[in-house]
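The residues making up each chain are set out below.
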Amino acid sequence: MEWVLADALLSQSRDPRVLLGALCRGEASAERVETLRFLLQRLEDEEARGGGGAGALPEAAHEVAAGYLVPLLRGLPGRLMGGADTGPPARQRRRVLRAAGAALRSCARLAGGPQLAAALAEEALRDLLAARPAPGLEGACEAAVEVLAAVGPCLRPLEDAPLLERVAQAALALALGGDEAGPSEDAVALVAGRLLPALGQCGGAALRAVWGGLVAPGPPLGPGLVGPQLLVLSALAEKLLPEPGVDCAPVAREAGPDARRCWRFWRTVQAGLAWAEDALTRKRARYLLQRAVEVSAEQGADCACAPGEGTGPSLFWWSEKKKDELLKFWENYILIMETLEGNQIHVIKPVLPKLNNLFEYAVSEENGCWLFHPSWHLCIYKRMFESENKILTKEGVTHFLELYETRVLPFSPEFSEFIIGPLMDALSESSLYSRSPGQLIGSGSPLGLKLQKFLVTYISLLPEEIKSSFLLKFIQKMTSRHWCAIPILFLSKALASVPRCKALGVEGLLALRDVLQCTMITHQILLRGAAQCYLLQAAINLVDVEKVSLSDMATFLMSVRQEESLRRGTSLWTELCDWLCVHESCFRRNSPSSSVGLAETSSLNAYVKNLIHEYIKSPAWERGENCCMPDWFEAKLVAMMVLLAVDVEGMKSQYSEKRRTQNVLRIFLDPLLDALVKFGTNAYMPLLKTDRCLQLLLKLLHTCLLKGSGTQDDEVSTLLQNFVMSTTESISEFILRRLTMNELSSVSDLDRCHLYLMVLTELINLHLKIGWKRGNPIWRVISPLINASIRHLQEMGSGQEPTLGTQIQRAVSMATLAKVCEAIDQKSELQPDSLDAGPMERFLSSLQLNQTLQKPLTEEDGSFSEESSSSQGWGKIVAQYIHDQWVCLSFLLKKYHTLIPTSEGEILEPVLPAVQMPVRTLQSALEALTILPSDQVLPVFHCMKILVPKLLTSCESLCIESFDMAWKIIASLSNTQLVFWPNLRAFVQFVFDPKVLTIAAKTKGQTYFKIKEIMYKIIEMSAMKTGVFNILISYCCQSWIVSASNVSQGSLSSANNYSELVLEACVFGTVFRRDQRLIQDIQTFVENLGHDCAANVVIENTKREDHYVRICAVKFLCLLDGSNMSHKLFIEDLAVKLLDKDELVSKSRTRYYVNSHQHRVKNRIWQTLLVLFPRFDQNFLNRIIDKIFQAGFINNQASIKYFIEWIIILILHKFPQFLPKFWDCFSYGEENLKTSICTFLSVLSHLDIITENIPEKKLILKQALIIVLHWCFNHNFSIRLYAMVALKKIWSMCKSLHIEELDALTSVIESSLDQVENMHGAGNAKKNWQRIQEHFFFATFHPLKDYCLETIFYVLPRLSGLVEDEWIAIDKFTRFTDIPLDTGFQWYLSPTQLCELTPSDWSQQDIGPHSGEADNQSEWADVQKKIIPWKNNAPDLDLELVFQDRAARLGKSISRLVVVASLIDKPTNLGGLCRTCEVFGASALVVSSLQCIRDKQFQHLSVSAEQWLPLVEVKPPQLIDYLQEKKAEGYTIVGVEQTARSVDLTQFCFPEKSLLLLGNEREGIPANLIQQLDVCVEIPQQGIIRSLNVHVSGALLIWEYTRQQLLRPRDAGS
């Protein structure tokens, strides 16, 4: 067409100037410039044939280039930027640019010499360099690129070499971007798509300049530069790789570079394969790799590329001798990389065996070294780790960790770097550690076990000189981020499993300490403690003791929290002592020991002795009496090291001198004991020395306590206590003097007061432990301490202006009284013999409550203002002061609770006002709640617990106000872990006090409903915070428990009014998120480790799991006695409410999925009813039997069906009189029974159990037989199966009883049973019959023998496919000791084999005999490939090519089929059609509006097909014209419609040029368009429904067209 137009123009005039001049005048439209291009190319062709005008043409070409095209190219972008309405749209502009560029190239060739091309190139290069700083491609940049792309091939390779080099350098700089922001995508696409290919044609200097820029030395490529580099390399791939088939002699190869021999080229390709985020960049990297392999195979010459950095195998090499092996390796490699793009595990998993083959190819069998560089394999793993599909990530991590299980790979630095980098990054994802399907809860993480095995194996294979650096980097990587609890736990466990080796020095120990500090940020205390245990074990195994000192080790041990892991008496402490015992003489010495004595002892003892001497010695930095108290860190360290050294000595002297331990401890503690003895007499002892001594004393006593042993005291504890007892008198006198003689006068002294009171408490406990004696040193101190404190508090109320000293003494006195009250309250030995109110009681009772400490004057010496900045403020001091008041009052109320009146006004002159005026006291308590911070309200709650029951009747509104205010505080504390639980427990104890509940239930007033409201609020809170409901139900059940020996009729009177609480507890349990379930699962795994993990011994199990709510309620119900009327009423009320709740849940959602919340609630309801069943009598069952049978008619999940069937069997066995009601259940209409009849047939399959206690069974068997035979002929296969199982059971009973009346049925029944038993073939019918007979409910389950808690709560949920969250192991019932075990019930454990069965369900499909073969496929197994074939996988170099050009460059076949979808409305149908058309190569898809491609639903279905398929917009009113136009072009119009003359699709032969018209979703093809059709085609159908979805119909016809076109070349060839 173009040539015809050019010839027509030339025929009008023989002078080209005239023609060219005419075209250069007028508006520069795309059509005019393209016509100019046609004409110039025609003139160029004639010139080449020698037929052009030799003189005039070059001059004319020069004029066109300089006078028209160059100004046009320069001015076009500027005019477009001037305004939106002054120029053509972007698509037209680019048409003009392309056409002008092509015309310029022709002008350069016609100009007759190289001068024009060089001049144009110079000018364009200047424009390009000038335009580069501008953002994007604005200005003349794009035009300059077009000019350079046009004239570049016209430049001379030798003469214009410098110019070509400069152009190439500028182009490369623009493509790669010199600034930090990187190049713009448009710039890279334009230069790579237009300019660089043009320069590549020039060869020589230009190509060398580009290549030199690409491989220039420099830092590793950043992620932003990999894409542009790969785009440039792809654009020049054909020039940078040798041409296949060309002579490969060295002389010939000098013409161009060979990228295969450059290591930087391969590192760029690998970066694209592994690190690139966008799929297009990865595709380009694969293309370059494919092309390099293709070229190497076709050339057949050997080549190699060294790694560039260090030693190792070549990054790429080729050998003609090993061509087949190399092709096989790279074919599998590229297949894996392509398949990974799909991100679908079912597509990728069959390909993974090929990854194993890659390792077999990659390692030499002869010398065990790498043949292929291991970085190629790591690229695959990196891609899998970076996948958005977490299942694929887990598959990749698992595959990598299994590498060393079956093979030994040679050492490679890249592997070590990969483990410490990408692998550990991937391991930070917690979800990877979830259990495999079928694993029990708490069985551990399969990936965690693989990680452990991998690390042990890998480190054992490392060279010794590398092992230390690898482990150090591994541990440092663990400190580089904030890990979640689960990953850090399993990494630590793996590290602890590494065999002992001398690998870590001081730096490694510091890194481990940093990891320990990282673990402190996690919230799961058990996981945190377990991680600390493993990290300490890792230190024991890996530290080289010759490189670290005992001081280094002691500092490290201080990072391990004693309250979470490292405690005396645990296996971890023993392991540490063993290690110290073996290595104590090997530690590096910091300096010669200066200690005297113990000359024969070890370095550990010398270190500890010196440590204590240095600690006790008075510090040089003491600054007078007002200095702050020292930090506790050093005291903790000294105490721990002392006890470690003593225990190590005890190990050594275990079989020799027992007294040596005593002597060593005495030698260690002598300096401390000497100092403590002088406390009472030496008034001038330095203050800091006394502080440090008391701190060490406390830490020794606390650290010495054993954890996990049967006896709390061992030899060391006893010795230590005896030593401390010898200093009691001196210490107590010192404390008395310090607390009472106005020596504490600064803010920092309040910390000392706290220290003194803690020491006093410990001394009291010691004396109580050995036996309290009146007149002991502590007893002698308590009375003067109380009197002095009272005196100080009384004196300071004299009205004088307060000073800092007096106010501090006042706070100290109140704290002292509070501590004494606590001690007296908890230790009955300290109580006076008489209950008469003494001075302390009268003083405390008369104390003005909530009295604050006035802030003292600061003008005295400025001391307060200085200290207040370092203290936590005066407000905290005041809060502590008020808190201490309420501690004292709590003691008073507990002691004299019998004196509290139920209302005020009864006592005119009260002796104890705070006790005998309870209303005022409760009002003060409410005031205190508004004053005190939330973490200080605990003693106020304790007081309210005593006051509220007394005042509930007379002052109900005040009590309700106290409930509300206390609840607000609890709600505000919900995120404060340390104080939340004690406060919640105290709140529950005073709101749900049995007396309060009883009084509220009697009156049924506002208090009753307020308590119910709070109850539901607590349950609601427990859904967000696990463990809240546990506190409530445990406290209430414990208060309601009645011992069997002392039963009272009113024992459950209050519980009867709060049965909703027990109901909610029986069905309680939230559906946790996946991450929450994972944490609970890992916690169970740690718990199952038992004493092997010290954290289990140290950390108390709080039993806050949701299971314990139900366990508490169930154990409480088990203790109830059905013969007790109060108990019986409670049980019956609860059972009715459970049935009502089941009915409510069933109505709320008729269809619910398995393991949903509704399913779980219903399951728990029926479990509880089974527990209650033994207490049901016949009268009560008469009331509820209809509801139970009705539940059987509901469509329930399998587990619920089993429970309903079980309870019906138990009812009929215990009360056969309900059998008529049971038979009535089979009388309902079949429509009502079609989903539930199997439940009642299952009950009949246990008829032998039901009739066990019935002497006359014949009538029952006859009735059952009649019913079952009816259902054996049902049209539903499942119903027939259940009926046949029941028939088999009933008939066996009939035969054993020889019932003559049924002889007539013998032949029919037995032939039916024989037919079922002996079914031929291996179809589903026979398999299902075998399965249902083997099913546990019919084969193993015994309704009576299996009636136990284990079956109800563990075995049956497990066998019925319920999620593991619902399995409650029986040991949890025994571990929960808040409620005692019921001795009357011996049915906790199942006596049958039911618990040994594995879950299976007859209705599930067979897994099949070949289920395990998926992972063992041969390397030639077919794999699913949703990828472009290798030979067609060229990169998309030019994003602006027309679709046909782009498709042709991709090697994609384009048919002549046009699909018209303008009548279709729905985006989903259009998106699906777009994808189908693109897959089968349709030439175009016609839609009503191109805006549809922006629709999210369209994009979801099309998956980017619109980018690869021409879309044409034709609106429905324009369809007639469009169809007529296509007819004129030779197209056959085919409609998809059912008409009288429709042709069957199987009989229709599609012409090559076919247009497929699809109708509207609802109305099909309109009548006016049917007239335009050449033929109507319909799809043959066999079903009842007479229409298909329009997308499906279109897809069927598109495929049939494609199939016919594919067959035609074969037919023609044959």
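All figures in this text were calculated on a predicted structure; none of them were measured in a lab. (Residues numbered from 1 in each chain as written. Predicted model: local features only at pLDDT ≥ 70, side-chain atom pairs only at ≥ 80, totals over all residues. Heavy atoms only, no water.)

A. Fine view of the sheet that holds strand β3 (residues 1457-1460). With parallel pairing, the 7 strands of this open sheet are ordered in space as β5-β4-β3-β8-β6-β9-β7. The open sheet is flanked by β5 (1511-1513) and β7 (1543-1544), the only strands paired with a single partner. Pairing geometry for β3 and strand β8 (residues 1554-1557), over 4 bridges, is parallel. By the bridge assignment, L1457 is partnered in β8 with S1554. Contacts from helix α73 (residues 1519-1528) reach β3, β4 (1484-1487), β6 (1532-1536) and β8, with the element oriented near 160° to β8. (Pairing = 2+ DSSP bridges. Helix = DSSP H or I, 4+ residues; strand = E, 2+ residues; numbered from the N terminus. Contact = heavy atoms within 4.5 Å. Axes fitted to C-alpha atoms, helices over the stretch in contact; angles between N-to-C directions.)

B. Layout of the nonpolar core. Membership of the largest hydrophobic core comes to 493 residues, with the highest contact counts inside it found for F400, M641, F941, F987, F992, W1166 and F1222. Among the elements that make up this core, the one with the highest residue count is helix α41 (residues 874-895) (13 residues). Residues contacting F941, with those up to four places away along its chain left out, are L929, A966, I969, I970, N983, A986, F987 and F990. F1548, V1575, I1579 and Y1601 belong to the second-largest nonpolar core, a separate cluster that totals 30 residues. (Core = buried A, V, L, I, M, F, W, Y, C linked by side-chain atoms within 4.5 Å. Buried < 20%, exposed > 50% of the residue type's maximum accessible area, 1.4 Å probe, protein only.)

C. Molecular detail of the packing of helix α49 (residues 1028-1040) against helix α51 (residues 1059-1066). Remark: α49 packs on α51, axes separated minimally by 11 Å, with the N-to-C direction vectors making an angle of 130°. Comparing the axis directions of α49 and α51 gives the class oblique. Crossing handedness for the pair α49 and α51: left-handed. For the pair α49 and α51, contact is made by F1029, L1032, I1033, C1036 and W1040 and by L1061, V1062, E1064 and A1065, respectively. Across the contact of α49 with α51, the residue classes break down as 8 nonpolar, no polar and 1 charged. (Parallel < 35°, antiparallel > 145°, perpendicular 65-115°, else oblique. Left-handed = near helix turned anticlockwise from the far one by under 90°. Nonpolar A, V, L, I, M, F, W, Y, C, P; charged D, E, K, R; others polar.)

D. A look at helix α58 (residues 1198-1214). In a regular helix each residue adds 1.5 Å, so 17 residues correspond to 24 Å; α58 covers 24 Å between its end C-alpha atoms and thus fits that length. Within α58, 15 of the 17 residues are buried, leaving the element largely enclosed by the surrounding structure. (Expected span 1.5 Å × (residues − 1).)

E. Focus on the pattern of salt bridges. Across all of its chains, the model carries 54 salt bridges by this definition. Close ionic contact of D1177 with K1128 constitutes a salt bridge, the shortest N to O distance being 3.2 Å. In this pair, D1177 sits in the loop between α56 (1157-1172) and α57 (1178-1192) while K1128 sits in helix α55 (residues 1125-1148), placing the two residues 49 residues apart along the sequence. Judged by its relative accessible area of 23%, D1177 is partly exposed. On the accessibility criterion, K1128 (17% relative accessible area) is buried. Several salt bridges share partner residues, and in doing so they unite R1110, R1160, R1164, D1365 and E1366 into one network. (Salt bridge = Lys/Arg side-chain N within 4 Å of Asp/Glu carboxyl O.)

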